[in-house]
Amino acid sequence: AMKHLPYFCRGEVVKGFGRGSKELGIPTANFSEQVVESFPPDISTGIYYGWACVGNGDVHKMVLSIGWNPFYRNTKKSVETHVIHTFKEDFYGEILSIVIVGYIRPERNFDSLEALISAIQEDIEEAKRQLDLPEHLKLKEDNFFHLPEGKIVNHH
Ligand code: ADP
Ligand code: MG
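Residues numbered from 1 in each chain as written. Chains lettered and ligands numbered in written order. Predicted model: local features only at pLDDT ≥ 70, side-chain atom pairs only at ≥ 80, totals over all residues. Heavy atoms only, no water.

By the naming in an unreviewed UniProt entry, the protein chain is Riboflavin kinase, taken from Oxyruncus cristatus. Under the heading Cofactor (unreviewed entry), UniProt records this for the protein chain: "Zn(2+)". Of the comments in the UniProt record for the protein chain, the one headed Pathway (unreviewed entry) reads "Cofactor biosynthesis; FMN biosynthesis; FMN from riboflavin (ATP route): step 1/1." (UniProt positions renumbered as here; feature names shortened; annotations may be inferred.)

Here it is as structure tokens:
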């Protein structure tokens, strides 16, 4: 699961397939099909942690899921980022830049919504702890997050 990491990626945030992530209090910013297609085909599905930045905004901790996309009968992957930050507004159509730093766990099914939500809360806590380690913290300052001038206009 670690062989492609750290993995740098940038792309537009598109509408997902209405899993109701936001209703669970854990919205996930979905990448477009083209961005997902550009991922290494053998990258493991599961939950990862890393750094994320919307437009030219601040860099925040994130948890990310690489899963199977129900839209394509689970033959294609989906990549969804939950940024660990409270935004004032949605950011569909904006450019999300991420660096995937580490792997937390494989995908799995849960018996109840409560079990799912508590697993995600644990993933978020694990991501926060891991990302405070010096070797992970340094990626937050990576030049990758400094976008070329004039390209991104919105500020968060
Ligand atoms: P969708 O199915 O369209 O992906 P979600 O319920 O997963 O809908 O909500 C995702 C959207 O919520 C993102 O595209 C983004 O515009 C917005 N959003 C607001 N706060 C966050 C956040 N902290 N992390 C990720 N997305 C967020
Ligand atoms: Mg989503």
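J.: Mind laying out the overall build of the protein chain, listing which residues take part and the relevant values?
T.: Counting its regular elements, the protein chain contains three helices and six strands. Listing each helix as α and each strand as β along the protein chain from the N terminus yields β-β-α-β-β-β-β-α-α. Scaling as 2.2 N^0.38, a compact globule of 156 residues should have a C-alpha radius of gyration of about 15 Å, and the protein chain matches this with 15 Å. Considering only C-alpha atoms, the protein chain reaches an extent of 45 × 35 × 35 Å along its principal axes. Scored against the burial criterion, the 156 residues of the protein chain give a buried share of 44%. Long-range contacts, defined as pairs at least 24 residues apart, comprise 70% of the intrachain contacts of the protein chain with a sequence gap of at least 6. Entry remark: accessible area of the protein chain is about 9,000 Å², with carbon and sulfur atoms responsible for 50%. In the protein chain, the 17 positive side-chain charges and the 22 negative ones have mean positions that sit 3 Å from each other. (Helix = DSSP H or I, 4+ residues; strand = E, 2+ residues; numbered from the N terminus. Rg over C-alpha atoms; globule rule 2.2 N^0.38 Å. Buried < 20%, exposed > 50% of the residue type's maximum accessible area, 1.4 Å probe, protein only. Contact = heavy atoms within 4.5 Å. Areas by Shrake-Rupley, 256 points an atom, 1.4 Å probe, with all protein chains shown as cover. Lys, Arg positive; Asp, Glu negative; His and termini not counted. Charge placed at Lys NZ, Arg CZ, Asp CG, Glu CD.)

J.: Explain the nonpolar core to me, using residue names and the numbers behind them.
T.: Residues Phe31, Phe39, Leu64, Leu96, Ile98 and Ile100 are the most contacted members of the largest nonpolar core, which totals 23 residues. Contributing elements (two or more residues each) for this core: strand S1 (7–14), strand S2 (29–31), helix H1 (33–37), strand S3 (46–54), strand S4 (59–68), strand S5 (77–83) and strand S6 (95–105). Those residues within four positions of Ile98 in sequence are excluded, and the remaining contacts are Tyr7, Phe8, Cys9, Phe31, Trp51, Ala52, Met62, Leu64, Thr81, Phe144 and Phe145. In terms of nonpolar packing, the next biggest core, distinct from the first, is built from 15 residues, Val59, Val101, Leu139 and Phe144 among them. (Core = buried A, V, L, I, M, F, W, Y, C linked by side-chain atoms within 4.5 Å.)

J.: Can you lay out the environment of Phe17 for me, pointing to particular residues and giving the numbers?
T.: As for its placement among the helices and strands, Phe17 is situated in the loop between S1 and S2. Sequence separation between Phe17 and Pro70 is 53 residues; the distance between their C-alpha atoms is 8.3 Å. With sequence-adjacent residues up to four places away left out, Phe17 is seen in contact with Asn30, Asn69, Pro70, Phe71, Ser78 and Glu80.

J.: Describe the site of ligand 1, and please don't skip the residues or the numbers.
T.: Close to ligand 1 lie 19 residues; Gly16, Asn30, Val83, Phe91 and Tyr92 are nearest. Lys22 is positioned with one of its backbone polar atoms (N or O) 2.9 Å from an oxygen atom of ligand 1. Residue Val83 places a main-chain N or O atom 2.8 Å away from a nitrogen atom belonging to ligand 1. Calculation on ligand 1 without its partners gives an accessible area of 570 Å², and the protein chains cover 93% of this total. Elements that contribute at least two residues to the shell around ligand 1 include exactly S2 and S5. No other element matches S5, which puts three residues into the shell around ligand 1. Class assignment of the residues belonging to the shell around ligand 1 gives a composition of eight nonpolar, eight polar and three charged. (Near = heavy atom within 4 Å. Polar contact = N/O pair within 3.5 Å; in protein donor to acceptor, adjacent residues only side chain to side chain. Nonpolar A, V, L, I, M, F, W, Y, C, P; charged D, E, K, R; others polar.)

J.: Tell me about the pairing of S3, and please be specific about residues and values.
T.: Most of S3 sits out of view: nine of its nine residues are buried. Sheet topology places S3 next to S4; eight bridges connect them, and they run antiparallel. Bridge pairing links Gly50 to Met62 in S4. The turn joining S3 and S4, which pair antiparallel and follow one another in sequence, is formed by four residues; a positive phi near 55° is taken by Gly55. (Pairing = 2+ DSSP bridges.)

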